[in-house]
Amino acid sequence: MDDPNRLSLNLATTRMRWGGTEGIAGAARAGLRWAAPWRDQIAKDGLAEIARALNDHGVAASSLCRGGMFPAESAAKRQAAIDDNRRALDQARAIDAQVLVLVVGGLPPGSKDIAGARAMVEDGIAALLPEARAKGVALAIEPLHPMYAADRACINTLGQALDLCDRLGPGTGVAVDVYHVWWDPDLERQIMRAGAARLLGFHICDWLVPTRDMLLDRGMMGDGVIDLARIRRWMDQAGYDGPIEVEIFSAENWWQRDPDQVVAIAKQRFLEVV
Ligand code: ZN
């Protein structure tokens, strides 16, 4: 039904038991051609080691996770965030990732001004964009479920992210993570609006009922209520043909299991239900 070569292991999925280089090796053992490392894993294992592991295993980086976190209470802190994102661009280059995923950030401490936070996000991305364009790294704005608006991302729908892309221009696009956008009645229309050029990533997992933890209880594809095949069809129709990252934060379940088995199950479910 599907091309397993599209599947990427987002290394958040195995982060409890595997570090970055281990995750890359694990992806390769499972026959995957893609993996998405996180910056904390790069900090721990070393950028050169991550790049070497990708190279040695014939695994390509589908994205670098993650940049963003632009809003802050002072100009100096906002500048520090932009500088940190510049380092992320260099890291993306070093591992040949063509996409930097942005989790844009929420409200600065003590603030109730979400419109102001959103303006800081736009200013931050605008400041980063010339360098991202020059380096050939696309900036993928990932809208997060509104429950994270205060502390992780004040961009909460695909439509809102695309409005931002419209204003910022080339070099920006979106990462569609089903966990965050599956509920959106406007999802199909916004995926079509994004189009192939601005669809920079596709993240899959499932929404469990009940969800016991808003951050760390994501489900394996097929175990929840998201119509993954339908969203996948919309992505196909819109022309997205890039890697599809399995990204599961699951402190009590999948993170506890043997990661080789988790990856094998993810691969099987990808072929069956996505
Ligand atoms: Zn994601």
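Whatever comes next refers back to the structure up there.
Along every chain, residues carry numbers that run from 1 in the direction the sequence is written. Where totals are concerned, whole chains, interfaces and linings use all residues; where local detail is concerned, this predicted model gives features only for residues with pLDDT of at least 70, and gives and counts side-chain atom pairs only at 80 or more. Heavy atoms from the whole structure form the basis of all side-chain values; hydrogens and water molecules are not counted.

*Asks:* Lay out the environment of Gln-190 in plain terms, naming residues and giving numbers.
*Replies:* Tracing the sequence through the fold places Gln-190 in helix H8 (residues 187-198). In sequence terms Gln-190 and Gly-26 are 164 residues apart; their C-alpha atoms lie 34 Å from each other. In what follows, residue pairs with any heavy atoms lying within 4.5 Å of each other are defined as contacts. Once residues lying within four places of it in the same chain are set aside, the contact partners of Gln-190 are Leu-158, Gly-159 and Leu-162. Helix numbers and strand numbers start at the N terminus; a helix is a DSSP run of H or I with at least 4 residues, a strand a run of E with at least 2.

*Asks:* Can you break down the coordination of the zinc ion residue by residue, with the values?
*Replies:* Any nitrogen, oxygen or sulfur atom within 2.8 Å of a metal ion counts as a donor, with the limit raised to 3.2 Å for Na, K and Ca, and since water is left out, coordination shells can look unfinished. For the zinc ion, every protein donor is listed as Glu-142 (OE), Asp-177 (OD), His-203 (ND1) and Glu-247 (OE), and the spread of their distances is 2.0 to 2.3 Å. Every angle between 85 and 135 degrees makes a four-donor site tetrahedral, while opposite donors more than 155 degrees apart, with all other angles between 65 and 115, make a four-donor site square planar and a six-donor site octahedral; other sites are irregular. Coordination at the zinc ion is irregular, judged from the 4 donor atoms that bind it and the angles of 82 to 154 degrees they form at the metal. In the primary structure, the donors to the zinc ion are separated according to the pattern E-x34-D-x25-H-x43-E. With a gap of 44 residues between them, His-203 in strand E8 (residues 199-204) and Glu-247 in the loop between strand E9 (244-246) and helix H10 (259-273) connect regions that are remote in the sequence. With respect to class, His-203 is no different from Glu-247; both count as buried. Each residue gets one of three labels from its accessible area relative to the maximum for its type: buried under 20%, exposed over 50%, partly exposed in between, using a 1.4 Å probe on protein chains only.

*Asks:* Residue-level account of the packing of aromatic side chains, with values.
*Replies:* Aromatic contacts are taken between Phe, Tyr and Trp rings whose centres are within 6.5 Å, Trp giving its six-membered ring; a plane angle under 30 degrees counts as stacked, one over 60 as edge-to-face, and the others as tilted. With the rule as written, the count across this model stands at 5 aromatic pairs. Here Phe-202 and Tyr-240 contribute two aromatic rings whose centre-to-centre distance is 6.5 Å and whose plane-to-plane angle is 85 degrees, an arrangement assigned as edge-to-face. With Phe-202 in strand E8 and Tyr-240 in the loop between helix H9 (228-238) and E9, the pair connects residues that are 38 residues apart, well separated along the chain. The same class applies to Phe-202 and to Tyr-240, which are both buried. Each ring, one from Phe-249 and one from Trp-255, has its centre 6.2 Å from the other, and the planes form 55 degrees; the classification is tilted. Through pairs of rings, three or more aromatic residues link up here, namely Trp-38, Phe-249 and Trp-255. Criterion for a charge above a ring: Lys NZ or Arg CZ within 6 Å of the ring centre, and within 35 degrees of the ring normal. Positioned above the aromatic ring of Trp-38, the side-chain terminus of Arg-15 is 5.5 Å from the ring centre. Above the ring of Trp-254, the side-chain terminus of Arg-257 is found at 3.8 Å from the ring centroid.

By themselves, these figures tell us nothing about what the structure is for.
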